[in-house]
Each structure stands twice: as C-alpha cells, then as structure tokens.
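# Coordinates in review
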Amino acid sequence: QRYPIILCPVSGEPPLPQGLDIQGEEEMARVLRAQVFLFAMPHLGLPSMSVPTGVTADGLPMGVQIITPRFREDLALDAAEAIEARCPMPTPIDPRW
C-alpha cells in the first residue's frame, strides 16, 4: 500500500530454453523457482501484468512485471501503456522453435 506501482522481474532467470519444463523433475523445479514472481501475485490478490521491454543480445524477449494494489488495475494498465510506448518490441518477432 505504500507504493502505487512496483516493478519486478518477470522471471528470476533470463529467458529459459524452450521445452525445459518437460525435460524432467529437476528442470521443472528450475522453471518454477524462476517464475515465482508470476505465481505469487494472483495468490496475494494483487493485479499484475507482464510487459515486454525489449530483447536480449540473442534476440530473446525480456520484460518487467507491474504490480499494483488491490482493485487498482487502472494503475497497472497506465504503467503498461507508458512502458510499451518507450520500449517498443521489434516486429516481426522471430519464433525460435
């Protein structure tokens, strides 16, 4: 409640390799640890959203997660709009399958 908007990482690691979650229990545990920021907000009842901020040197997408107080989705949407306006994603995005 002290801060109207909090920015945090989307993930605790840079973009994870595709398919890591199906390579075994240890790899899935790594995915879950890295994504704890994404899982926590719904459990706390806080509005949050992930917004792209650009790409790594390897061309992989990066971003931030915006978190706002309960019932203040408007702040999250306003912040997302401001970030997206200043950090446009290159298009088209090259899928790395």
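The following refers to the structure shown. All of these numbers come straight from a predicted model, not from anything done at the bench.

## As for the sheet that holds strand β3 (residues 61–67)
- What the 3 strands build is an open sheet, ordered β1-β3-β2; its pairing is antiparallel. The open sheet is flanked by β1 (6–9) and β2 (48–55), the only strands paired with a single partner. Strand-to-strand twist of the sheet, defined as the mean angle between neighbouring strand axes without regard to direction, takes the value 35°.
- Bridge analysis of β1 against β3 gives 4 bridges, and the strand direction is antiparallel. Bridging from a neighbouring strand, Cys8 pairs with Gln65 of β3.
- Across the sheet, helix α2 (residues 36–44) lies against β1, β2 and β3, angled at about 25° from β3, the strand it touches most.

## Brief notes about the nonpolar core
- Among the nonpolar cores identified, the biggest contains 7 residues, and these are Val51, Val64, Ile66, Ala76, Ala79, Ala80 and Ile83.
- Mapped onto this core, the elements with two or more residues apiece are β3 and α3 (73–86).
- If you tally residues by element for this core, the top one is α3, at 4 residues.
- Residues within four places of Ala80 in sequence aside, it is in contact with Met49, Val51 and Ile66.

Conventions and cut-offs
Residues numbered from 1 in each chain as written. Predicted model: local features only at pLDDT ≥ 70, side-chain atom pairs only at ≥ 80, totals over all residues. Heavy atoms only, no water. Pairing = 2+ DSSP bridges. Helix = DSSP H or I, 4+ residues; strand = E, 2+ residues; numbered from the N terminus. Axes fitted to C-alpha atoms, helices over the stretch in contact; angles between N-to-C directions. Contact = heavy atoms within 4.5 Å. Core = buried A, V, L, I, M, F, W, Y, C linked by side-chain atoms within 4.5 Å. Buried < 20%, exposed > 50% of the residue type's maximum accessible area, 1.4 Å probe, protein only.

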